[in-house]
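# Per-entry structural report
Now for the letters of each chain:
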Amino acid sequence: MEEEVFESSGALREGIDGKLLTVFAADPASANTLERYKAVSLLAREHLAQRWVKTQQEDRGNKARRVCYMSMEFLLGRSLNNTLDALGMRDLAEGAFSPKDGVSLSDVLESEPDAALGNGGLGRLAACFLDSMATLELPSWGYGMHYEYGMFSQSIVNGEQVERPDLWLADGSSWIFPRPGRNFTVNFGGVAEHYGEWSEWNATESVVANAYDYVIPGHGTKRVSTLRLWKASAPAQIDLNAFNSGDYARAAEIKNRFENISWVLYPNDSTPAGRELRLRQEYFFVSASIQDILRNHLEEHDRLSNLHEYVAIHLNDTHPAIAIAELMRLLCDVHGMLWVDAWNQCRRIFSYTNHTLMPEALETWPVSLMVRLLPRHMRIIFQINQDFLNEVSQRFPGDIDILRRVSLIDDADGSEDSKRVRMAHLCIVGSHRVNGVSRLHSELMVETIFADFARLYPDRFHNKTNGVTPRRWLGQANRGLAALLDDKIGKDWRYDLDRLEGLREFCDDPDFRQRFSEIKRANKRRLADYIQDKTGIETSPDALFDVHVKRIHEYKRQLLNVLHVITRYNALLHERADDAPPRCVVFAGKAASSYAMAKLIIRLIHDVAQVVNTDRRIRGRLKLVFVPNYGVSIAELLMPAADLSEQISMAGTEASGTGNMKLSLNGALTIGTEDGANIEIRDAVGAENIFIFGNSAAQIQELRRSNYDPRAIYANTPELNEALSRIDGGFFSPDESRRYHAIFNTLVNYGDHYMLLADYAAYIETQKNVDRLFRNPDEWNRKAILNVAGMGVFSSDRTIREYAVDTWNLASALRKTPDAR
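Residues Tyr214, Phe284, Ile290, Ile313, Ile381, Phe388 and Trp808 are the most contacted members of the largest nonpolar core, which totals 157 residues. When residues of this core are assigned to their parent elements, the largest contribution, 10 residues, is made by helix α9 (residues 272-300). Each residue touching Ile313, except ones within four places of it in the same chain, is listed here: Cys68, Met70, Ile290, Ile293, Ile349, Phe350 and Ser351.

Spelled out as structure tokens, the structure:
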């Protein structure tokens, strides 16, 4: 069946009206916005379905080598806008919604909820990669979880974060295809019986994993890739005997017990039950995915001995690490492969991306929990560890310390109860390639947390700096700027972002700078209207929009920015900042439900905002805003409007970041530390076009060795002393004067682990440099243009090309000549 081609907006309108009538029994003249969204989505879905089927036919016919990208998160955002762009139907859709109906395409697009399949940078990176894999025509599958309620929907009540279920599927999804009959049994518990090289796992619990496919369209190609998501269903829906006896709660208990596996992303892990549920989630999606990969392979081939020739499995962080043990179990116990052969397969199939340098953030699981939930896998991990330690002993005879450091089992205090499985170590030992996500991160990775592994396997470690898809983060999020680029350098930048270099010749062109400035102001006006609508706070697009958007975490140092806001507020009160331009500081991000300090930081932001925004003495020259429920769609609003991008994590803690790339791509100047990809952004845009401050990673380590004393900094820095004293003394919380004493103690008395006070003075001075530059609009715009021009290297297309060549052995499958559409 050939795709239906709509020659005009009128023809598309007829198709939409037809869907309204025949699918929704709705009168096209009076259909509501959601019905219109559903109708146009169904038309687009039909095109994607045909392309998807053809893609799969081609890959099966070619017996293609595929990459399977496994991630707990895929933060996709909305799909209709992206799909219309990919299908070349966006302009037609714009004309299909008539103003006389009172509904614009923008209204229709806004009615779609974000797909709640992720939370932060990990999930957004995975989504960008899927877009690039499809656009570059790589045979690829994503594997993840079909979360019914996402992580949570964030609202703010009396300044505090409140979590509610994210009901993103309340009206269904046009982009998900259920796959009846594509299901697998996933087991838990019981015991493992051993018979020589093989074992039999006698599990006591089983849950069914059902497949749902989210279609991912490529741009400038008819290729459509697949994100396969797994949803849990109980082996028995209800206990009918209990139901008939009137015990309705017990009747539904079995259903809820198993199906809660796919309810929520990252359940609260502050309790034993929450931690167990997380492990169940990870194994559930991994087991279903590996079973699916093996079934797909056997449908095209008659043996598993060539699995490594046709399958590459990439682990996005340690959440899917148990996949290594699961593949070993299936190959050995189910398919009868010898251990040594199965292990050789694993080490040629798996690759792993590390996303953190902080030892406390590296995932570990108690051996006792693993033995109870996954007894066979625990034995497999013990065997892998024994073989590995034997290998290390041969390389470093007599070195007991290195055996302890690299062991897959952490038993530092020697007790059975404290033993934990180091999932990152399992990933490294079981993979043929391991990468960091920025140049600095990859260097520190082999110098610090994985130094011993780098000695053992020096060729295994490499760098793959993150990237973002320019189609969504510039082409769709910032249509005004995209149109200006099309006019000046052509449309091919969507597929070859290095073409942005062509903007350098326009940075001194007064007309171009004026148009660039007008687009930025329009984006700021749009954000100001949104802020007014959602928070009631009035902001001016003439102010400097200072944007700090990330998940709330101490190492990301939102608190340092709050200290800057309070310092600026105090300076305005004391008339020490008369020449500072108006500034609107915008925060957005979610705190993990069990992270008390992060939630306290959110409340502090709101309490400071309540004081600052209502103090008439500063005449509106400073505003502080927290935008609730941060997600992809809100990011698409914030990124194009930002003047200043806050990337101020402590050096050596942020692996890379992708928000920094999106903001620079949209013309924001960065204020940041020498951390993550900030260094590479500086190299790309020019040191004179970015605001870098603070201690480097090496200087941070030297401060730690020299008995860093934050209290001395507090005592000897008057502006800091005033800001912290106001926080601790209840100036911003008069109804509860000690509300933020824990924050004060963390920074002043308990060591200031993330070195906020060490970087405070440099940060405040650099913010003054920002003020001085912003007072010169022509020079600010010139530097903003040069930021956009330097962002070509940060395309996710570049990252995926590097993976395809260096890691996945898929260079021959890469699309050679993308065509702009």
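Turning next to helix α23 (residues 596-614). The end-to-end C-alpha distance of α23, which contains 19 residues, comes to 27 Å, matching closely the 27 Å that a straight helix rising 1.5 Å per residue would cover. Burial analysis of α23 places 14 of its 19 residues in the buried class, which makes it a mostly covered element.

The next thing to look at is the pattern of salt bridges. Counted by the stated rule, this structure contains 61 salt bridges. The residue Asp131 makes a salt bridge to Arg471 at a minimum N-O spacing of 2.6 Å. Taken as a pair, Asp131 in helix α6 (residues 121-135) and Arg471 in helix α19 (residues 470-476) lie far apart in primary sequence, 340 residues in all. Take Asp131 and Arg471: they sit in the same class, and that class is buried. Across the pair Glu736 and Arg739 runs a salt bridge whose closest N-O atoms are separated by 3.0 Å. A relative accessible area of 37% places Glu736 in the partly exposed class. Under the relative-accessibility criterion, Arg739 is labelled buried at 9%.

In this section: the pairing of strand β17 (residues 544-549). Most of β17 is tucked away, with 6 of its 6 residues classed as buried. Judged by which residues are buried, β17 turns out to be covered on both faces: Leu544, Asp546 and His548 on one side and Phe545, Val547 and Val549 on the other are all buried. In terms of strand pairing, β17 meets strand β18 (residues 583-588) through 6 bridges, oriented parallel. For Asp546, the partnering residue across the bridge sits in β18 and is Val585.

Rules and cut-offs
Residues numbered from 1 in each chain as written. Predicted model: local features only at pLDDT ≥ 70, side-chain atom pairs only at ≥ 80, totals over all residues. Heavy atoms only, no water. Core = buried A, V, L, I, M, F, W, Y, C linked by side-chain atoms within 4.5 Å. Buried < 20%, exposed > 50% of the residue type's maximum accessible area, 1.4 Å probe, protein only. Helix = DSSP H or I, 4+ residues; strand = E, 2+ residues; numbered from the N terminus. Contact = heavy atoms within 4.5 Å. Expected span 1.5 Å × (residues − 1). Salt bridge = Lys/Arg side-chain N within 4 Å of Asp/Glu carboxyl O. Pairing = 2+ DSSP bridges.

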